[in-house]
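# Residue-level structure breakdown
Spelled out, the chains give:
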Amino acid sequence: MTEINRETKETNISCTIDINGTGLSNIDTGIGFFNHMLEALSKHSIIDIDLICKGDLDVDDHHSVEDCGIVLGQLLKKEIFPISNVERYGNATVVMDEASIECALDLSNRPFLVYDVELTNKVGDFDVELVEEFFYALVSNAGLTVHIIQQRGKNKHHIIEASFKAFAVALRRALIENAKLGIPSTKGIL
């Protein structure tokens, strides 16, 4: 279990994660839809997440969403690296009604995000462009290579939720123990 408390002029975040958890979550960002997505991430990755974020929501949701991605990425990096005895690669296709999202993930310690999801406007009050900002912040700080590709979908809620769930399942699969692999790289280090 790893914890970070991060305070800036824009946000104050307290977060604990446990990658050997059971998918329990206690999430309060002040942004209902975003809370729902982080709860789905926790549940489907089987990573316990306790995250409280107090942000400048009177300005907008951007700082809170991005900073939560930064914090979760930093915590994942602390929990995952140095890496050994895990599969390293994970992928998942998640469908949610008409939406289908594919996520491929590498615990490479080489941050790179491909986010090929077409979204505009809002889901309720939530600005959908913040989803890419969240994943970019998380991937950059965790040292992951992640590709999230929309195969189909019309309903923005379904597309976003399937994106979070696909990422969660791919991450869970990459973290599956495999003692035969040792350090999962021909270089001997990640």
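This section reports on the structure supplied with the text. (Residues numbered from 1 in each chain as written. Predicted model: local features only at pLDDT ≥ 70, side-chain atom pairs only at ≥ 80, totals over all residues. Heavy atoms only, no water.)

### Let's talk about unusual backbone geometry
Here Phe 81 and Pro 82 are connected by a cis peptide whose omega angle stands at 0 degrees. Counting through the fold element by element, Pro 82 comes out in the loop between α2 (62-80) and β5 (89-96). A positive phi is found at Ile 46, a non-glycine position, where the angle reads about 60 degrees. One can find Ile 46 in the loop between α1 (32-45) and β4 (48-55). (Helix = DSSP H or I, 4+ residues; strand = E, 2+ residues; numbered from the N terminus.)

### Some remarks on empty space enclosed by the protein
Within this structure, the stated rule accounts for one cavity of 30 Å³ or more. The volume enclosed by the largest cavity comes to roughly 50 Å³. Considering the residues around the largest cavity, the lining is formed by Ile 17, Leu 41, Ile 47, Ile 49, Leu 72, Leu 76, Leu 138 and Leu 171. Taken together, the residues of the lining of the largest cavity break down into eight nonpolar, no polar and no charged. (1 Å grid on protein atoms, 1.4 Å probe; cavity = no way out; pocket = protein on both sides within 12 Å on 5 of 7 lines; lining within 4 Å. Points joined across faces, edges and corners; volume = space filled by probe spheres on them. Nonpolar A, V, L, I, M, F, W, Y, C, P; charged D, E, K, R; others polar.)

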